[in-house]
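Observations on the model geometry
These are the residues of each chain, in order.
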Amino acid sequence: MRYLLIILLQILYFSLSAQNRKSLVSGKVFDSKTGKSLTEVQVIYNTNKVKTTDSTGYFEFSCNPGKIEITFILFGYQTLTKSIIIQSNIRNELSVGLKPFINQLNEVVISADKTEQKVSGLSVSMSVIKPYEITQNHIVNAEEIIKQTQGIEIIDGQASIRGGSGFSYGAGSRVMVLIDGLPVISADAGNIRWQFLPIENLAQIEIIKGASSVLYGSSAINGIINFITAEADTIPQIEYSLTSGIYDKPKRKVMVWWNTPRSYSDASFSFSQKIKNTEISLGSNLLYNNGYRKLNDEKLARLNFNIKQHSNKIKGLSYGLGFLGGYDNKTDFILWENSNAGALIQNKATATELNAVFITLDPYISLKNNDINKQDMRIRLQVSDNRYPVKSLNNSLAISNFAEYQLFKQFFSKLNVIFGTSYYFSKVISGLYGNHKGDNIAAYTQLEYKLFMKLKLSAGIRLEYNVLDKIADKIIPVFRSGINYQIRHGTFLRASFGQGYRYPSIAEKYAYTTLGTVKIFPNSEVKPEFGWSSEIGVKQGIKSGKLLGHFDLSFFYSENTDMIEYVFGIYPDPYSQDFGFGFRSSNIENSRVYGAETEFLLNRNFGNLNINIGGGYTYIYPVEFDKNNNVNTETWLKYRKKHTAKFVVGANLKKIEFGVNAFYKSKVLNIDNVFLNPLTREALLPGFYDYWSSNNKETVVIDIFLSYRFKKNIKFSFAVKNIGNTEYMDRPGNIMPQRFFSFQLSRYF
């Protein structure tokens with residue numbers, strides 16, 4: 001018994017001695033591309049022990065000296081494992097950079113149900129764009145990065161998701177655009193002011209493909225695009241970039257109209273920091289574009305800031321103020337002179353200078369209680385002022401005020417309930433549209449129930465009530481439902497159904513103007529359009545050795561009635577009562593879009609070489625149908641393409657990064673007959689018919705980029721867009737940019 005006691009005392013002694021000899025391991029984890037500190041990274045050591053990085057990216061733990069493996073895991077980044085030798089009696093310090101991995105199954109998003117969820121658990125299709133995709137491709141305009149997303153077309157500023165929209169001459173959007181969940185659609189034309197959307201200080205851009213009217217209301221009939229700003233860190237984050245580029249000559253030399261090179265310059269700056277309980281972020285952008293088309297130059301200035309205060313007295317309470325402001329001086333390109341030497345020269349009759357001011361002011365307050373109860377009150381005051389120095393009768397001032405209250409509550413860890421109510425007031429003072437006032441009152445609720453660990457069900461309803469110029473519309477209800485089922489590890493099946501509607505914009509009802517030889521007539525009788533979309537899809541995670549990735553396949557169907565289209569015809573002038581030729585919005589199109597979409601992304605490390613391969617393909621069958629007998633007609637929907645595809649390859653070797661982006665689009669199925677009719681086509685667009693007959697075909701556009709990081713925080717990059725100098729058109733009379741060379745210097749602090 002005495003010997004046994006001695007042995008036990010010796011074991012205890014050596015155990016205590018081993019503990020005393022433990023060494024301290026500490027370090028910081030950061031984004032390898034931006035240098036930004038990463039919070040909530042899981043640091044796993046000794047097989048099952050876990051630490052988490054704090055708000056500065058810092059971690060610390062103790063362990064025995066010797067060789068250990070440490071694994072770093074964070075959603076949205078590649079998992080990294082390091083084998084290191086721990087020295088005794090010293091502090092072992094590490095600096096760990098994680099490489100972003102786009103759209104992993106565990107990517108956390110908020111737009112789908114207005115709460116944080118993993119992409120894999122959604123019942124709808126969603127794409128996520130990360131900030132480094134913007135910088136590495138030298139993108140300085142929000143429109144450009146969105147149109148590179150699979151399944152999305154943007155025609156002259158108008159977004160279409162999976163064939164849900166065509167082209168409506170700049171009036172009315174069927175895709176709702178948001179900044180931090182609040183709408184930024186203009187109150188007069190109902191369109192998207194892409195140039196004012198901030199791409200500085202972004203956490204990510206989330207895109208929902210399909211009707212989203214239950215949570216986001218009118219204009220979300222085709223989907224939403226949500227720009228989400230990044231939260232500030234305790235370590236100050238400063239970034240700036242300088243971009244300069246030059247347009248090459250078009251492939252057809254007859255189109256060259258300039259004597260000096262056409263250039264493009266952009267400067268961007270952002271700053272963010274959390275100081276005690278206060279988060280501050282600031283971003284700015286200056287742009288000057290000579291334009292590759294004559295009478296189509298632009299000068300832009302944009303500024304945004306956000307200040308957020310966390311309460312010392314009330315746990316979970318935060319409040320703040322956001323601001324976005326911009327000034328744009330430009331001349332929009334409307335119609336060409338002709339299809340040859342004048343293809344890149346604007347018809348002087350349509351060239352009008354525009355001075356635009358855009359401002360949003362966003363006060364908000366939030367109260368959060370342990371992720372089971374959250375209340376938000378958010379307000380957005382938005383002002384859009386368009387001034388035409390030459391055509392002052394087209395001036396338009398649009399003021400809107402959006403206020404929303406939202407309550408989130410969780411019951412029994414299985415049932416999530418969202419309730420919200422909103423009020424939207426708009427006022428338009430315009431010679432182009434007339435003076436109008438509108439009100440929108442809405443209430444919505446959505447429930448999500450976890451039947452068991454692998455199955456989630458969701459359903460929601462929204463009621464909306466619209467009043468325009470004291471004339472009230474009926475109360476409109478819309479519904480949605482969805483299901484997500486995890487078949488096995490890494491495999492998720494989803495299905496959804498959602499209704500949508502869109503109230504016509506002021507421009508669609510009251511626009512009255514002349515653009516060259518084109519006249520726009522008002523139609524105060526145009527009605528709201530309704531629709532619904534459905535989808536079934538599967539998302540599969542891929543993990544085999546060092547190969548990571550995912551594959552997504554979906555089949556979708558959407559149907560819309562009373563869609564608003566601008567139709568060319570003979571209409572009465574509202575003032576002179578004389579009849580004339582021109583365009584007027586009308587509820588004439590009943591559409592059906594059948595389709596399928598697939599996307600994939602693979603990532604593999606080969607030592608220091610990291611390779612990403614991704615892409616996607618979208619097929620749509622867009623047709624009109626006869627509402628009387630519910631049978632499809634043989635008429636294609638206008639401005640749609642059956643096939644679109646994307647293929648991306650990226651490689652990173654230490655300080656060098658290289659990438660190739662290829663985009664494929666099939667020919668346009670149908671356009672407005674006025675551009676093809678022998679009686680009207682030459683008066684509107686000289687030479688267009690012959691040009692269209694020979695040039696409406698499939699196109700392939702390839703972009704490349706190459707970058708070198710001098711230090712951890714300084715990068716120089718070079719990009720060539722449309723390297724093949726492909727000539728193609730997005731809508732009649734609007735040829736897209738030819739080959740473009742650009743250089744960028746960026747620095748992070």
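The structure this text deals with has already been given above.
Please read all numbers here as calculations on a predicted model, not as lab measurements.

Conventions and cut-offs
Residues numbered from 1 in each chain as written. Predicted model: local features only at pLDDT ≥ 70, side-chain atom pairs only at ≥ 80, totals over all residues. Heavy atoms only, no water. Helix = DSSP H or I, 4+ residues; strand = E, 2+ residues; numbered from the N terminus. Rg over C-alpha atoms; globule rule 2.2 N^0.38 Å. Buried < 20%, exposed > 50% of the residue type's maximum accessible area, 1.4 Å probe, protein only. Contact = heavy atoms within 4.5 Å. Areas by Shrake-Rupley, 256 points an atom, 1.4 Å probe, with all protein chains shown as cover. Lys, Arg positive; Asp, Glu negative; His and termini not counted. Charge placed at Lys NZ, Arg CZ, Asp CG, Glu CD. Core = buried A, V, L, I, M, F, W, Y, C linked by side-chain atoms within 4.5 Å. Pairing = 2+ DSSP bridges. Axes fitted to C-alpha atoms, helices over the stretch in contact; angles between N-to-C directions. Arc of directions from axis to C-beta.

Take the overall build of the protein chain next. Of the regular secondary structure elements, the protein chain holds 7 helices and 44 strands. Against the compact-globule benchmark of 27 Å for 749 residues, the protein chain has a radius of gyration of 28 Å, which places it among compact chains. In terms of principal-axis extent, the alpha carbons of the protein chain reach across some 115 × 60 × 45 Å. For the protein chain, the residues scored as buried account for 53% of the 749 residues in total. A fraction of 63% describes how many contacts in the protein chain between residues 6 or more apart in sequence connect residues 24 or more apart. About 33300 Å² of surface is accessible on the protein chain, with carbon and sulfur atoms providing 59% of the total. In the protein chain, which carries 85 positive and 64 negative side-chain charges, the distance between the mean positions of the two groups comes to 8 Å.

On to the nonpolar core, then. Core analysis: the biggest nonpolar cluster contains 93 residues, and Ile146, Trp194, Leu197, Ile205, Ile225, Phe227 and Trp336 have the highest contact counts within it. Not counting chain neighbours up to four residues away, the residues in contact with Ile225 comprise Ile146, Val175, Met176, Val177, Leu178, Trp194, Ile205, Glu206 and Ile207.

This paragraph deals with the sheet that holds strand β5 (residues 66-73). Pairing is antiparallel across the open sheet formed by 4 strands, whose spatial order is β3-β2-β5-β6. The open sheet has two edge strands with one neighbour each: β3 (49-52) and β6 (80-86). Sheet twist, expressed as the average angle between the axes of neighbouring strands with direction ignored, equals 25°. In terms of strand pairing, strand β2 (residues 42-45) meets β5 through 4 bridges, oriented antiparallel. What sits directly across from Ile44, in β5, is Thr71.

Moving on, we get to the side chain of Asp672. Mapped onto the elements of the fold, Asp672 is located in the loop between β39 (656-665) and α6 (681-684). Given a relative accessible area of 6%, Asp672 falls into the buried group. If near-sequence neighbours (up to four positions away) are discounted, Asp672 is found in contact with Tyr169, Tyr566, Lys638 and Tyr639.

Next up on the list: the environment of Gln237. Note on placement: Gln237 falls in strand β17 (residues 237-247). Measuring from C-alpha to C-alpha, the distance between Gln237 and Phe271 comes to 5.5 Å, with 34 residues separating the pair along the chain. Ignoring anything within four residues of it in the chain, the contact list for Gln237 reads Gly35, Lys36, Ser37, Ser270, Phe271, Ser272 and Phe749.

Okay, the sheet that holds strand β15 (residues 202-209) next. The strand order across the open sheet formed by 5 strands is β10-β15-β16-β13-β14, and the pairing between neighbours is mixed. A single partner strand is all that each edge strand has here, and the edge strands are β10 (125-129) and β14 (182-183).

Helical periodicity: at 3.6 residues per turn, an α-helix aligns residues three or four positions apart in one direction. Residues Phe688, Tyr691 and Trp692 constitute the buried set of helix α7 (residues 688-695). Taken down its axis, α7 places every buried residue within 95° of arc, on the same side. Facing away from the buried side of α7 by more than 90 degrees, the exposed set consists of Asp690 and Ser693. Contacts from the buried residues of α7 go to α6, β42 (729-731) and β43 (734-735).

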